[in-house]
Amino acid sequence: PHLAALVLARGGSKGIPLKNIKLLAGVPLIGWVLRAAIDACVFQSIWVSTDHDEIEKVAKQFGAKVHRRSPEVSQDSSTSLEAITEFLNHHHEVDIVGNIQATSPCLHPSDLIKVADLIQKEGYDSVFSVVRRHQFRWSEVKKGDNRMTEPQNLNPAKRYRRQDWPGELYENGSFYFAKRHLIEKGYLQGGKMAYYEMHAEHSVDIDIDIDWPIAEQRVLSFGYFGKEPLKEVKLLVCSIDGCLTNGRIYVTEDHKEMVSYDYRDIVGIDLLKKRGIQVRLISDRDCSKTLSAMELGCVAKVNVTNKLQVLKDWQENMRLSWKEVAYLGNEESDVECLKQAGLSGVPVDACAASQKAAGYICKSRGGCGAVREFAEHIFLLLEKVKSARKQ
């Protein structure tokens, strides 16, 4: 049977405009679940249903196909079931739909693999995700009502300790898998049903976690970053023009060039060095005088015609794996380096080609704190590596 992953990503959002492609830890929100779906290798096709051009563009960048949903199922009042039904009406080859929520960025491929087995091998008609919570519930008393509240799942005279109580299962909204015949009857849950219990740390819902920085910390700690395990970064190569500087060149009357840089970026470079990470600089043009004036103390290569070859030479001479190399670029000349490096980033104002190739898109512009921001991202991933080693 044809199992299709379907991510519903409408352009409208009352809370956060274009939330589905807003950067979360340097990756568009929808990118986290698409990466997990692709790496699970259980879907015959992976789709994003959207009504928005920018969301379509991001979806295709991450390798998904796009179904352009109609205005009728793109309203604030439209339901997921209506959007899924429309998708099936246009794709008769699909037998099972795995509806994955774009707002669940801590989803892992291992979860999707197990759910695919439940519905394909064990014969379930629908499978949905839940999380175990240890929360005591009380009956609601409306204002003006003289009734007393009553316990719903506890005895107040003998409250459970957390370790003595198994808790309860709640839908967490990460995914809903269902067979076509069930959806055509108007159900996402029905027939032979099963729930799939996700780890609490993987159950992150952006619809609930309104505080974006908190959600980013959760993703950096528990998100899925790819098939290969992370390694400690030991080398950062940074493009000078457009990353360390804003790319502007000021020319004086006596034909001297001047550029500007952000002191925060210099601090970021110093912090990287203190953590034992080498920082090297690279440029298409001859900016040796500028570098000399900045006194950064970094190895630099200027007037480069083939950045990838320089990067490979540095990587081989330092005897590093590509997972130990980070690259910050912003132009088309950086694309191949961004693809090769284990950790790659670009400023928010980088060209479209480099943004597509990068794994992390900074909130900062080039020459305005992007290097410092990327350094902080590296530090967070180093903590993740150390945490994984302890486990």
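Parameters at a glance
- Residues numbered from 1 in each chain as written.
- Predicted model: local features only at pLDDT ≥ 70, side-chain atom pairs only at ≥ 80, totals over all residues.
- Heavy atoms only, no water.
- Axes fitted to C-alpha atoms, helices over the stretch in contact; angles between N-to-C directions.
- Helix = DSSP H or I, 4+ residues; strand = E, 2+ residues; numbered from the N terminus.
- Parallel < 35°, antiparallel > 145°, perpendicular 65-115°, else oblique.
- Left-handed = near helix turned anticlockwise from the far one by under 90°.
- Contact = heavy atoms within 4.5 Å.
- Nonpolar A, V, L, I, M, F, W, Y, C, P; charged D, E, K, R; others polar.
- Phe/Tyr/Trp six-rings, centres within 6.5 Å; stacked < 30°, edge-to-face > 60°.
- Buried < 20%, exposed > 50% of the residue type's maximum accessible area, 1.4 Å probe, protein only.
- Lys NZ or Arg CZ within 6 Å of the ring centre and 35° of its normal.
- Pairing = 2+ DSSP bridges.
- Domains from an automatic or database assignment.
- Buried area = accessible area lost by both parts, 1.4 Å probe.
- Salt bridge = Lys/Arg side-chain N within 4 Å of Asp/Glu carboxyl O.
- Polar contact = N/O pair within 3.5 Å; in protein donor to acceptor, adjacent residues only side chain to side chain.

Engineer: Even after reading the chapter, I still don't get the packing of helix α1 (residues 29–40) against helix α4 (residues 109–120), so can you show me in this structure?
Structural biologist: Each packed pair of helices is defined by two parameters, the angle between the axes and the distance between the axes. Running from amino to carboxyl end, α1 crosses α4 at an angle of 55 degrees, the nearest separation of the two axes being 8 Å. For the element pair α1 / α4, the angle class is oblique. Along this stretch, α1 crosses α4, giving a crossing that reads as right-handed. Contact with α1, carried on its side by A36, A37, D39 and A40, involves P109, L112 and I113 of α4 and no other residues of that element. Class assignment of the residues belonging to the contact of α1 with α4 gives a composition of six nonpolar, no polar and one charged.

Engineer: Teacher, can you tell me more about the packing of aromatic side chains here?
Structural biologist: Aromatic ring pairs are reported here in terms of the distance separating the ring centres and the angle at which the planes meet. Inspection of every chain in the model, using the stated rule, returns eight aromatic pairs. Between W32 and F225, the ring centres sit 5.3 Å apart and the planes meet at 85 degrees, which makes this aromatic pair edge-to-face. Here W32, found in helix α1, pairs with F225, found in the loop between α6 (212–222) and β10 (235–239); they are 193 residues apart in sequence, far enough to count as distant. A relative accessible area of 1% means that W32 is categorised as buried. An aromatic cluster of at least three residues, connected via ring pairs, comprises F43, F175, F177 and Y196. Lying across the ring of Y124, K192 places its NZ or CZ 4.6 Å from the centre.

Engineer: Can you help me understand the sheet that holds strand β9 (residues 193–198) in this one?
Structural biologist: Sheet strands pair via backbone hydrogen bonds, and the direction of the pair is either parallel or antiparallel. Strand order in this open sheet of seven strands is β5-β4-β1-β6-β8-β7-β9, and the pairing throughout is mixed. Pairing within the sheet leaves two strands with one partner each, and these edge strands are β5 (65–68) and β9. Taking the axes of each pair of neighbouring strands and ignoring which way they run, one obtains an average angle of 30 degrees across the sheet. Here helix α3 (residues 80–90) sits on the sheet in contact with β1 (3–8), β4 (45–50), β5 and β6 (96–100), set at roughly 135 degrees to β1. Each of β1, β6, β7 (126–133), β8 (168–179) and β9 is contacted by α4, which is oriented at about 65 degrees to β8, the strand it contacts most.

Engineer: How should the domain arrangement of the protein chain be read in this particular structure?
Structural biologist: As a measure of interface size, the accessible area lost when the parts come together is often cited. Along its sequence, the protein chain is organised into domain 1 (3–134 + 166–222) and domain 2 (235–389). Residue-level contacts link ten residues of domain 1 with ten residues of domain 2. Across the interface of domain 1 and domain 2, roughly 850 Å² is buried in total on both sides, 59% from carbon and sulfur atoms. The largest share of the area that domain 1 buries against domain 2 comes from L23, Q61 and L220, three residues that together contribute 52% of it. At the boundary of domain 1 and domain 2, one finds one salt bridge. Where domain 1 meets domain 2, there are one residue pair in polar contact (both at pLDDT 80 or more). Of all the elements, α6 adds the most residues to the side of domain 1 that touches domain 2, at five residues. Residues of the side of domain 1 that touches domain 2, tallied by class, amount to five nonpolar, four polar and one charged.

Engineer: Please clarify how the pairing of β8 should be interpreted in this entry.
Structural biologist: Remark: a regular strand shows side chains that alternate across the two faces of the sheet. Taken across its twelve residues, β8 has nine buried, putting it largely inside the fold. Of the strand pairs in this sheet, β6 and β8 are connected by five bridges, and their pairing is antiparallel. Across the sheet, residue I100 finds its bridge partner in β8, namely F175.

Engineer: In this structure, what is going on with the pairing of β10? I would like to understand it.
Structural biologist: Most of β10 sits inside the fold, with five of its five residues counted as buried. Judged by which residues are buried, β10 turns out to be covered on both faces: L235, V237 and S239 on one side and L236 and C238 on the other are all buried. For β10 and strand β13 (residues 278–282), the ladder comprises five bridges, and the chain directions are parallel. Residue V237 lies in a different strand from β13, and its bridge partner there is R280. As judged from the four bridges shared by β10 and strand β15 (residues 325–328), these two strands associate in the parallel manner. Residue pairing across strands places L235 opposite V325, the latter belonging to β15.

Engineer: What's the story with unusual backbone geometry in this structure? I'm lost.
Structural biologist: Trans is the common state for peptide bonds, and a negative phi is the common state for residues other than glycine. Of note in this structure, C41 is not a glycine but carries a positive phi near 60 degrees. On the secondary structure map, C41 appears in the loop between α1 and β4. Given a relative accessible area of 56%, C41 falls into the exposed group. At N303, a position not held by glycine, the phi torsion is positive, near 55 degrees. Relative to the helices and strands, N303 is located in the loop between β14 (299–301) and α10 (307–317). Take N303: its relative accessible area is 52%, and that puts it in the exposed class.

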